[in-house]
Amino acid sequence: MSFVLVTGGAGYIGSHTVVELIQNGHQVVIVDNLSNSSYDSISRIEYLTRSKVPFHKVDLTDYSGLDAVFDQYEFKTVLHFAGLKAVGESARNPLKYHNNNVIGSINLLRTMQSHGCKSIIFSSSATVYGDVTRLEGQRIPIVETCPTQPTNPYGQTKLAVENTLRDVFAADQQWRIAILRYFNPIGAHSSGLLGENPHGVPDNLLPLIAQVASGRGKFSVFGTDYDSVDGTPIRDYVHVVDLAQGHVAALHHLDGLKEGTGICREWNLGTGTGSTVFEVHSSFERASNRKVPYTVATRRPGDVLNLTADVSRAATELGWRARLTVDKACDDLWLWTERHPSSGYQNVDGRVRLSSATGAIKVQIGAQGDIESITIGTQRLQGTRIQFKNLYGPAVRRTSNGFAVEYATDTTPIVYQFEFQSESRVCFTLYEIGAESLPRFEQVFEAVSEKYACSSSTFEIVDEMVET
Ligand SMILES: O=c1ccn([C@@H]2O[C@H](COP(=O)(O)OP(=O)(O)O[C@H]3O[C@H](CO)[C@H](O)[C@H](O)[C@H]3O)[C@@H](O)[C@H]2O)c(=O)[nH]1
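Computed from a predicted structure; not experimentally measured.

Description of the packing of helix 1 (residues 12-23) against helix 8 (residues 240-255)
Here comes step 1: Contact geometry of helix 1 with helix 8 gives a least axis separation of 8 Å together with a crossing angle of 60°. Compared by their axis directions, helix 1 and helix 8 come out oblique. Note that helix 1 runs across helix 8; the crossing there is right-handed. Contacts between helix 1 and helix 8 involve Tyr 12, Ile 13, His 16, Thr 17, Glu 20 and Leu 21 from the former and Val 240, Val 241, Leu 243, Ala 244, Gln 245, His 247, Val 248 and Leu 251 from the latter.
Here comes step 2: For the contact of helix 1 with helix 8, the per-class residue count stands at 9 nonpolar, 4 polar and 1 charged.

Here you go:
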């Protein structure tokens, strides 16, 4: 069986793409170091697609770890999302960015080469074009042949990988290489289960506006003296699900090439239409039905008036066009934000394993990360009782005063939450994934009581929790 490898598949764009790939019949394996993403996104991908997705926690700078993954599967193509992406941080810590993004990509290419896999789709960025106003003549919308000149280390790492890919192709024209230059990805999955998971204060416009709409942080508009309809800069905001589908289109393009034919080509992924900061802000206020206060600040260094894509190459050659609007992206982002009020996925440090003592609560996790059983009191929940044969993507994570087990059956995405009320007592609650903030405890708990004949919300706990 032939697989598609997705590096960074637990991240924002990667996770949405994995869903689209699986829905288009591809067998996906994910590698991710979870440095800026969450295992929870994988459990949700599995729920949304009703399929198991093999996951390997590997950092691309770990050559032997990566090599071991390639030993296990036969990959026909790699979709390479893994990388660091904060522009400001890249300026403060360029070595971190070059090491992670460039060395990581080179390791990946070396591993691919040694295993005979010569097909890759690379996540590049419109940031490689830099400030197009430096160039003479009409450069907006931006075509792929526009000269590149990134203005920050993050952009330099993207261009360095692009250049490496072009060199690899020049040396061996059997390679099939798609370089996708994203404009401004926004929004979330319409289910409310996948979205962006920013750590700390978000750098980008929409995650920041969403945070301010939910009552945290402050929003400054960086400059209202640009030459646009309302004085704010113009960007090409593209819905993350459209972007994900652009990857499927690129994969089909590579797969559809004649036997023995290689390619190395760049495609812009945007909508072809620009929006100003104030237009996006108004759209989000409509979607959330909230006022999002702002102050006007001076221009942000490095910002330019207009970055809008010419999307005709992707339309003609890949048969792909963005279909979703900024309004739709704002609706989806607001659903995601409301369901995840503390900003994205909640897990702190990946998986937690419980010891296998004779205690009242025991969670057994199998080699693939599956939950093999949950024992509550004398009841062992397994097999048909909780439909383990259709159990997807369990993730166990710490919460502020206990832990939660998140998984999905064929019909329901579920979170079991265990809250320690004292050293020996734990309160057990069942929620639907993404609905933890909703006051459904009583209702949901009654269902649990009935189904599993539990008579109380409080259970004795003897097991120790041991982190792995
Ligand atoms: O607090 C903020 C944040 C942003 N903006 C404005 O919102 C627009 C979008 O800013 P983002 O930071 O969201 O995105 P950028 O266009 O600066 O950059 C993004 O898109 C680029 C490609 O277009 C690169 O991919 C880059 O990595 C990515 O962060 C800009 O006009 C910016 O001035 C504000 O007014 N206030």
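So, the side chain of Asn 268
Here comes step 1: Relative to the elements of secondary structure, Asn 268 occurs in strand 11 (residues 263-269).
Here comes step 2: Of note is the side chain of Asn 268, whose polar atom sits 2.7 Å from the side chain of Tyr 129.
Here comes step 3: A polar atom in the side chain of Asn 268 sits 2.8 Å from the backbone oxygen of Ile 142.

Details of the packing of aromatic side chains
Here comes step 1: Summed over all chains, the structure comprises 7 aromatic pairs.
Here comes step 2: Judged by centre distance (5.4 Å) and plane angle (50°), the ring pair of Phe 278 and Tyr 294 falls under tilted. Note that Phe 278 is positioned in helix 9 (residues 277-288) and Tyr 294 in the loop between helix 9 and strand 13 (295-297), a separation of 16 residues in sequence.
Here comes step 3: Accessibility expressed as a relative area gives 17% for Phe 278, which makes it buried.
Here comes step 4: Given the relative accessible area of 37%, Tyr 294 is considered partly exposed.

Topic: the pattern of salt bridges
Here comes step 1: For the structure shown, the criterion picks out 15 salt bridges.
Here comes step 2: Here Glu 266 and Arg 166 are joined by a salt bridge, their closest N and O atoms 2.8 Å apart. Placement of the pair is Glu 266 in strand 11 and Arg 166 in helix 6 (residues 153-171), with a sequence separation of 100 residues.
Here comes step 3: Here Arg 166 falls in the partly exposed class, since its relative accessible area comes to 25%.

Brief notes about the site of the ligand
Here comes step 1: Neighbouring the ligand are 21 residues, the closest being Ser 125, Asn 184, Ser 220, Arg 235 and Asp 303.
Here comes step 2: Phe 222 has a polar backbone atom sitting 2.9 Å from an oxygen atom of the ligand.
Here comes step 3: With respect to the ligand, the side chain of Arg 235 contributes an N or O atom lying 2.7 Å from an oxygen atom.
Here comes step 4: When the ligand is considered free in solution it has 680 Å² of accessible area, and contact with the protein chains removes 90% of it.
Here comes step 5: Taken together, the elements giving at least two residues each to the shell around the ligand come down to helix 7 (205-213) and strand 8 (220-222).
Here comes step 6: Of all the elements, strand 8 adds the most residues to the shell around the ligand, at 3 residues.
Here comes step 7: Classifying every residue of the shell around the ligand gives 12 nonpolar, 5 polar and 4 charged.

As for helix 2 (residues 39-49)
Here comes step 1: Counting buried residues in helix 2 gives 11 out of 11 residues, a clear majority hidden from the surface.
Here comes step 2: Every buried residue belonging to helix 2 is among Tyr 39, Asp 40, Ser 41, Ile 42, Ser 43, Arg 44, Ile 45, Glu 46, Tyr 47, Leu 48 and Thr 49, and all of these are buried.

Quick notes on the sheet that holds strand 11
Here comes step 1: Pairing is parallel in the open sheet, where 7 strands are placed in the order 3-2-1-4-5-6-11. With one partner strand each, in any of the chains shown, strand 3 (55-57) and strand 11 form the two edges of the open sheet. Taken pair by pair, the neighbouring strands of this sheet meet at an average axis angle of 20°, ignoring direction.
Here comes step 2: Bridge count between strand 2 (residues 28-32) and strand 3: 3 bridges; the pairing is parallel. Looking at the pairing, Ile 30 lines up with Phe 55 of strand 3.

Let's talk about the sheet that holds strand 12 (residues 275-276)
Here comes step 1: The mixed open sheet is built from 3 strands, whose spatial order is 12-9-14. The open sheet has two free edges, formed respectively by strand 12 and strand 14 (306-307), since each of these has just one partner strand.
Here comes step 2: In terms of strand pairing, strand 9 (residues 234-235) meets strand 12 through 2 bridges, oriented antiparallel. For Ile 234, the partnering residue across the bridge sits in strand 12 and is Thr 276.

A short note on the side chain of His 80
Here comes step 1: Counting through the fold element by element, His 80 comes out in strand 4 (residues 74-80).
Here comes step 2: Excluding residues within four positions of it along the chain, His 80 makes contact with Thr 7, Leu 60, Ser 105, Leu 108, Ile 120, Ile 121, Phe 122 and Ser 123.

What about the pairing of strand 1 (residues 2-7)?
Here comes step 1: A large share of strand 1 lies buried, amounting to 5 of its 6 residues.
Here comes step 2: Sheet analysis places strand 1 next to strand 4, joined by 6 bridges and oriented parallel. For Val 6, the partnering residue across the bridge sits in strand 4 and is Leu 79.
Here comes step 3: Relative to strand 2, strand 1 runs parallel, the two sharing 4 bridges.

Each value, and the rule that gives it
Every chain is numbered independently, its residues counted from 1 as its sequence is written. Only residues with pLDDT of at least 70 get local features here, since the model is predicted, and only at 80 or more are side-chain atom pairs given and counted; chain-wide, interface and lining totals rely on the full set of residues. Remark: hydrogens and water are excluded; side-chain values derive from all non-hydrogen atoms of the structure. In this description, a line fitted to the C-alpha atoms serves as the axis of each element, helices being fitted only across the stretch in contact, and the angle between N-to-C directions of two axes falls anywhere from 0 to 180 degrees. Numbering of helices and strands runs from the N terminus, with a helix taken as a DSSP run of H or I at least four residues long and a strand as a DSSP run of E at least two residues long. Working definition: roughly parallel below 35 degrees, roughly antiparallel above 145 degrees, roughly perpendicular at 65 to 115 degrees, and oblique for all remaining angles. The crossing is said to be left-handed when, going from far helix to near helix, the turn is anticlockwise and less than a right angle, and right-handed when the turn is clockwise. Every residue pair with non-hydrogen atoms within 4.5 Å of one another is taken to be in contact. Residue polarity is assigned by list, with Asp, Glu, Lys and Arg as charged and Ala, Val, Leu, Ile, Met, Phe, Trp, Tyr, Cys and Pro as nonpolar; anything else, Gly included, falls into the polar class. Counting of polar contacts relies on pairs of N or O atoms within 3.5 Å, with two restrictions inside protein: one atom must be capable of donating a hydrogen and the other of accepting it, and residues adjacent in sequence are counted only when both atoms are side-chain atoms. A pair of aromatic rings is counted whenever rings of Phe, Tyr or Trp (Trp by its six-membered ring) have centres within 6.5 Å, and the orientation is called stacked for planes under 30 degrees apart, edge-to-face for over 60 and tilted otherwise. Accessibility here uses a 1.4 Å probe with only protein chains present; expressed as a share of the type maximum, an area under 20% marks a residue as buried, one over 50% as exposed, and anything in between as partly exposed. Definition used for salt bridges: Asp or Glu carboxyl oxygen within 4 Å of a side-chain nitrogen of Lys or Arg. Distances are taken per atom, and a residue is near a molecule or strand as soon as one of its heavy atoms is within 4 Å of it. Throughout, the Shrake-Rupley method with a 1.4 Å probe supplies accessible areas, and for residues the shown protein chains are the sole cover considered. Should DSSP find at least two bridges between two strands, the strands are taken to pair.

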